[in-house]
Amino acid sequence: MTQNPYLWLIPTLPLAGAAINGFLGRRSSKTAVTTIALAFPGLAFALALWIAFGFSSAAAPYTFDLAHWIRSGSFSADFAFYLDQLSLVMLLVVTGVGFLIHVYSVGYMAEDPSYYRFFTYLNLFMFFMLTLILANNYLLMFIGWEGVGLASYLLIGFWFTKDSAASAGKKAFIVNRIGDFGFLIGLFLIIQHFGSLNFTEVFAKVQPYAPETSGAGLLTAIGILLMVGACGKSAQIPLYVWLPDAMEGPTPVSALIHAATMVTAGVYMVARSHVIFERAPIALTVVAIIGTLTALFAATIGITQTDIKKVLAYSTVSQLGYMFVACGVGAFSAGIFHLMTHAFFKGLLFLAAGSVIHAVGGEQDMRKMGGLRSYIPWTFITMLTATLAISGIPPFAGFWSKDEILWKAYQANWVYWLIGVVTALITSFYMFRLLFMTFWGDYKGIQVDDHGHAHSAPGHGNHGHGEPHESPMVMLVPLMILALLSVVGGLVGIHNGFEHFLEPVFGSEFPKTITEGSGNTEWLLMGVSVLFALAGAVIAYILYVSKPYLPEKIAASLGNLYEAVLNKYYVDELYAKLFVKPLVDGSTAILWQGVDRKVIDDSVNNAADGARHLSDEVRHMQSGNLRSYAGWIAAGAAVLIAYMIWLGVGQ
Amino acid sequence: MVPLSYYLVLSGILFACGVTGFLIKRNIITIFMSIELMLNGVNLSFVAFAAHWHALAGQVFVFFVMVVAAAEATVGLAIIISVYRTRETLNIDQVNLLKL
C-alpha cells in the first residue's frame, strides 16, 4: 500500500473533539461529552493503526502537504506532515497510550464538576502533541511544542482554585519558556545559515559538514541550543524543577502529559535532529552528561519522597535522563525504544497510582497507605507489572530498552554505564519501596467516607464499608492493557528488531561498534544490571517489609545528607535565591517603582496636570461677556491693520 | 463732483460709530443696530469706489452684503426674541450662560 491520504486527519480529529466539547460541552449531557471526548482520539488511534499496517518502509519518508503557511522570499514553512519510521512509532505511542488514558479519565474524573473542560484540554493536548510529532518543519513542530506547553499549563492548573495548583502551572510554563528561548535561538541560527526550517532541506544541507571534532562551531552551537529547549520540555537538569510540581494536576494528566508523551518531546526533537547532533560531538557529550547526572540526581531524590506521585515524578525525570544518555551516545533508536516502553510502564504506574489514590479517598501520602494488596488486587497486579518493568527485570519491557541504553553507553564511555547501573539499582529500590509501602503491611489510612470522597466513581459510592475499594472497570481495563504492553512491549527489541526498523531514519551513521568478540561483554553487562535491579528490590524488601524500623535509623544516622535529599537538595530554594528573588526584587524596584510608576505613570500624569494648569490660566479669556469678546476682536483687527499699514510703509 | 476721500471719511466715521456702539451699548437691539451701521459704512465705501473706478463689481458686492444683512437680521431678531422670552432681559451682560 502506498501513502495514506488521511494522515492529516490524525491531528485534526482531536482538535475537532476539543472544539465541540469546548464550545458545547457546558450545555450538553455528560454522556455526550464522553462520547465526543473518546470518539475523536479513538478514531485518530484507529487511523494511526491503519496507517501503521499499510506502512511500507519503501514509501517512507512521506510528506503530506496540507496547506501553505508562510512564504516569504526563499523561506517557506507549510502546514505539512512528515511520516517516517520515527514519527510512526511516536504516532502509535501517543494515540494509543493517549486513548487509553482518555478512557481511564472517564472513570477518574467522573464526579468532577468541570468534566467537559477536562476533556476539552485533553483533546487539545492530543492535537498539539500530534502536530509536534508529524510536523515536517521546525516551525510547525514549535507550534506543537508550545501548544503542548499550553495544554500542560491548563491541565496542571486544572483545579485552579487550589493555590498550589495554580502556581505549579505557572512554574511549569515559566521554566519551559527558558528552554524555549534556547530552542528559538537555535531555530534562528538554522534559518540564518541554512535558509530553511524544513527537516529534509536542513538535513540535506547539514549532511556535507564534517563532524566538528576539533572545536565548537556552528553545529555545536545549534545542537546545544536545541538541547536547552529539550531540557526544558523533558525536565532535565537544570530545568527539571517544574515536573515534580506538575503533579498538582489530575493523575491522568500526570500519566499522559508528564510521563508518557509531552515530556518525551525533547527526546523526540533531539532524535529528529540527529543529523545535526551527529556532526556536533561536543553537543552530544553535553547531552549525555546532562542525561547521566539527571538520571542519578532525580533517582536519589525519589528515594526519600513520601508522596506517591512525587516518587513517580522524580522517577520520570530520571528515566528521561536515560533517554538523554542514549541520544548523547548516539544511540537514538535506543532512546526512542526506551521512550516507547517508558510510555507504557510509566503511564501505567501513574494510572495505577491514580487508582490507589482513588481507592483510599484522595490520599497521596504513602505512609498512610499500606496493605492495599487485598483491597485492590487488580491495581496491585498491574502496578507490580509496571514496577518490574521499570526496574529492568527480564522479560518485562523496561529491561530490554534500559539494557540497550546501558550497552550503548558502555561502548561510548564506561562512566555513563556505571552511573546508569547505579541509577538502575536506585530506581529498582525506590519503586519497590513504593510498592511495599503501598501494598504490604497493614492499612494505616483513614477509613474512607464515601461522601467525603474526592473522586469516587458513580455506582461505587454506596458500599458504606468505609474500606479502600477497587476502581470501576472503565479504569481497570486501560490498566490491564498497559500492563500487557509493559510485559510484551520490549520484545520488539529482540535481535535489535526495533533498531533495524528505525535504521532508515537514523541510518547506519552512528558508530557500529558491535563486533563479534563483544557478545560476551554484552551478556556480562546484562547480568550485572539485572543483578543490580534485583539487589534494589531485595534492599527495599528488607527495609520496608521485614525490618520496617531500619529506614528511620538509617535516616537518623545520615543526618544532614538525608535532610538535603528529603528537601530535594534545596534546588528550589537555591533557584528562588539565585533567580527568582533577584528577578522579583529587580522588577519591583526598577521596573515597577522605577520605570512603570516614575517614568510611565508620571509622564502621563504630568502631561494631564500641565494641560489642566495651562487651561486654568487661559480659561479667563472665555468670560461669557459678549462685549469683551467684541473688544478683543476690535483690538485684534486694529493690530492687524496697523501691521498691514506698517508693511505698506515698509515698501 | 464730490471727491472720493469725502465718502471714505464718512464711511470710516459710520464704521467707527458702529464699533463704538457695539462695544459700549448693553442693549442687544442697539448692538444689533450698530452691526447694521458697520455693514452700511462698508457698503458706502464699496459704492464710492465703484463709482470712482467705473467698475460694477463694487455695486454687486453691496447687494451681496445687503442680502446677508437681511438674512442676519431675520435670524438675529429671532434669537433676540427667544432670549427675551427665556431671560426676560435684553441686557447683554446678563446673557452670559457660556461663562465658566
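Residues numbered from 1 in each chain as written. Chains lettered and ligands numbered in written order. Predicted model: local features only at pLDDT ≥ 70, side-chain atom pairs only at ≥ 80, totals over all residues. Heavy atoms only, no water.

1. Structural notes on the overall build of chain A
Right, so step 1: Each helix and strand in chain A was counted, giving 25 helices and 2 strands.
Right, so step 2: Projected onto its principal axes, the C-alpha coordinates of chain A cover approximately 120 × 70 × 55 Å.
Right, so step 3: The proportion of buried residues among the 651 residues of chain A is 54%.
Right, so step 4: Within chain A, counting contacts between residues at least 6 apart in sequence, those at least 24 apart form 81% of the total.
Right, so step 5: Total accessible area on chain A stands at roughly 27,100 Å², and carbon and sulfur atoms take up 68% of it.
Right, so step 6: Positive and negative charge centroids in chain A, built from 34 and 39 side chains respectively, lie 5 Å apart. (Helix = DSSP H or I, 4+ residues; strand = E, 2+ residues; numbered from the N terminus. Buried < 20%, exposed > 50% of the residue type's maximum accessible area, 1.4 Å probe, protein only. Contact = heavy atoms within 4.5 Å. Areas by Shrake-Rupley, 256 points an atom, 1.4 Å probe, with all protein chains shown as cover. Lys, Arg positive; Asp, Glu negative; His and termini not counted. Charge placed at Lys NZ, Arg CZ, Asp CG, Glu CD.)

2. Quick notes on the packing of aromatic side chains
Given two aromatic rings, their pairing is described by the distance between the two centres and the angle made by the two planes.
All names here are of chain A.
Right, so step 1: Tallying each qualifying case throughout the model produces 36 aromatic pairs over all chains.
Right, so step 2: Taking the centre distance of 5.9 Å and the plane angle of 10° together, the rings of Phe-199 and Phe-203 count as stacked. Here Phe-199 and its partner Phe-203 are both found in helix 7 (residues 199–206), 4 residues apart, which amounts to about one turn of the helix. An identical accessibility class is assigned to Phe-199 and Phe-203; each is buried.
Right, so step 3: By way of ring pairs, the aromatic residues Tyr-115, Phe-118, Phe-119, Tyr-121, Phe-158 and Trp-159 are connected into one cluster.
Right, so step 4: In this structure, Arg-373 is placed above the aromatic ring of Trp-440, and the distance from its NZ or CZ to the ring centre is 4.4 Å. (Phe/Tyr/Trp six-rings, centres within 6.5 Å; stacked < 30°, edge-to-face > 60°. Lys NZ or Arg CZ within 6 Å of the ring centre and 35° of its normal.)

3. Comments concerning the interface of chain A and chain B
Right, so step 1: Taken together, the 10 residues of chain A in the interface contact 12 residues of chain B.
Right, so step 2: Of the roughly 900 Å² buried between chain A and chain B on both sides combined, carbon and sulfur atoms contribute 63%.
Right, so step 3: For chain A, the biggest contributors to the area lost against chain B are Gly-624, Leu-626 and Arg-627 of chain A; these three give 54% of the whole.
Right, so step 4: Run the count over chain A and chain B and you get 0 residue pairs in polar contact (both at pLDDT 80 or more). (Buried area = accessible area lost by both parts, 1.4 Å probe. Polar contact = N/O pair within 3.5 Å; in protein donor to acceptor, adjacent residues only side chain to side chain.)

4. Here we look at a nonpolar patch on the surface
Residues and elements named next belong to chain A.
Right, so step 1: Where nonpolar side chains cluster on the molecular surface, the patch consists of Ile-590, Leu-591, Val-595, Val-599, Ile-600 and Val-604 and spans about 530 Å² of accessible area.
Right, so step 2: Within the secondary structure, Val-595 is located in helix 24 (residues 571–618).
Right, so step 3: We classify Val-595 as partly exposed; its relative accessible area is 36%. (Patch = residues over 30% accessible without salt bridge, like charges linked within 9 Å, V, L, I, M, F, W, Y side chains within 5 Å. Salt bridge = Lys/Arg side-chain N within 4 Å of Asp/Glu carboxyl O.)

5. Notes on the packing of helix 15 (residues 332–359) of chain A against helix 17 (residues 397–412) of chain A
All names here are of chain A.
Right, so step 1: One can describe the packing of helix 15 onto helix 17 by two numbers: an axis separation of 9 Å at closest approach and a directional angle of 155°. With respect to each other, helix 15 and helix 17 are oriented roughly antiparallel. For the pair helix 15 and helix 17, the sense of crossing is left-handed. Along the contact surface, helix 15 presents Ala-334, Phe-337, His-338, Thr-341 and Phe-345, while helix 17 presents Ala-397, Gly-398, Trp-400, Ser-401, Lys-402, Glu-404 and Ile-405.
Right, so step 2: Looking at side-chain class alone, the contact of helix 15 with helix 17 contains 6 nonpolar, 4 polar and 2 charged residues. (Axes fitted to C-alpha atoms, helices over the stretch in contact; angles between N-to-C directions. Parallel < 35°, antiparallel > 145°, perpendicular 65-115°, else oblique. Left-handed = near helix turned anticlockwise from the far one by under 90°. Nonpolar A, V, L, I, M, F, W, Y, C, P; charged D, E, K, R; others polar.)

6. Some remarks on the pattern of salt bridges
Right, so step 1: Evaluated as defined, the whole model comprises 13 salt bridges over all chains.
Right, so step 2: Residue Arg-177 of chain A pairs with Asp-180 of chain A through a salt bridge whose shortest N-O separation is 2.6 Å. In this pair, Arg-177 of chain A and Asp-180 of chain A both sit in helix 6 (residues 163–194), 3 residues apart, roughly one turn of the helix.
Right, so step 3: Assessed through its relative accessible area of 4%, Asp-180 of chain A is described here as buried.
Right, so step 4: A salt bridge links Arg-26 of chain B to Asp-93 of chain B; the nearest nitrogen and oxygen atoms lie 2.9 Å apart. Of this pair, Arg-26 of chain B sits in the loop between helix 1 (4–24) and helix 2 (28–53) while Asp-93 of chain B sits in the segment after helix 3 (57–87), and the two are 67 residues apart along the sequence.
Right, so step 5: When its relative accessible area of 47% is taken as the criterion, Arg-26 of chain B is described as partly exposed.
Right, so step 6: When its relative accessible area of 24% is taken as the criterion, Asp-93 of chain B is described as partly exposed.
Right, so step 7: Via salt bridges that share partners, Glu-146, Arg-177 and Asp-180 of chain A belong to a single interconnected network.

7. What to know about the nonpolar core
Residues and elements named next belong to chain A.
Right, so step 1: In terms of nonpolar packing, the biggest core is built from 182 residues, with Tyr-138, Ile-276 and Met-383 touching the most fellow members.
Right, so step 2: Ranked by the residues each element gives to this core, the list is headed by helix 15, at 17 residues.
Right, so step 3: Not counting residues within four places of it along the chain, the set of residues in contact with Tyr-138 comprises Phe-183, Leu-187, Ile-190, Leu-197, Phe-199, Phe-203, Leu-226, Ser-273 and Ile-276.
Right, so step 4: In this structure, Ala-288, Ile-405, Trp-417 and Val-421 belong to the second largest nonpolar core, which totals 16 residues. (Core = buried A, V, L, I, M, F, W, Y, C linked by side-chain atoms within 4.5 Å.)

8. Concerning the confidence of the model for chain A
Residues and elements named next belong to chain A.
Right, so step 1: With 94% of its residues at a pLDDT of 70 or more, chain A has an overall mean of 87.
Right, so step 2: Considering only residues more than four positions removed or in separate chains, one finds that residues 450–465, a stretch of pLDDT under 50, has 26 contacts.
Right, so step 3: Below a pLDDT of 50 lies the segment residues 509–517, which in the model reaches 13 contacts outside its immediate sequence neighbourhood of four places, other chains included. (pLDDT = per-residue confidence, 0-100.)

9. Some points on the environment of Ala-630 of chain A
Right, so step 1: Among the secondary structure elements, Ala-630 of chain A is positioned in helix 25 (residues 626–650).
Right, so step 2: Taking the relative accessible area as the measure of exposure, Ala-630 of chain A reaches 8% and is therefore buried.
Right, so step 3: Sequence spacing of Ala-630 of chain A and Phe-345 of chain A is 285 residues, and the spatial spacing of their C-alpha atoms is 94 Å.
Right, so step 4: Once residues lying within four places of it in the same chain are set aside, the contact partners of Ala-630 of chain A are Phe-22 and Leu-23 of chain B.

10. Focus: the pairing of strand 1 (residues 62–72) of chain A
Residues and elements named next belong to chain A.
Right, so step 1: By the bridge criterion, 9 bridges tie strand 1 to strand 2 (residues 75–83) in an arrangement that is antiparallel. By the bridge assignment for strand 2, Asp-65 is matched with Ala-80.
Right, so step 2: Adjacent in sequence and paired antiparallel, strand 1 and strand 2 are bridged by 2 residues, among which Gly-73 carries a positive phi angle near 60°. (Pairing = 2+ DSSP bridges.)

11. Looking at helix 3 of chain B
An α-helical turn contains 3.6 residues, so a residue and the one three or four places further along point in the same direction.
Right, so step 1: The end-to-end C-alpha distance of helix 3 of chain B is 44 Å, a good match for the 45 Å that 31 residues give at a rise of 1.5 Å each.
Right, so step 2: Within helix 3 of chain B, burial applies to Gly-58, Val-62, Val-65, Ala-69, Gly-76, Ile-80 and Val-83 of chain B. (Expected span 1.5 Å × (residues − 1).)

12. Quick look at the confidence of the model for chain B
Right, so step 1: Residues of chain B with pLDDT of at least 70 account for 97%, and the chain-wide mean is 90.
Right, so step 2: Predicted complex metrics record ipTM = 0.76 and pTM = 0.79.

13. Considerations on the side chain of Thr-306 of chain A
All names here are of chain A.
Right, so step 1: Assignment of secondary structure puts Thr-306 in the loop between helix 13 (281–304) and helix 14 (308–328).
Right, so step 2: In this structure the side chain of Thr-306 is engaged in a polar contact, spanning 3.5 Å, whose partner is the side chain of Arg-367.
Right, so step 3: Residues in contact with Thr-306, not counting those within four places in the same chain, are Gln-364, Asp-365, Met-366, Arg-367 and Arg-433.

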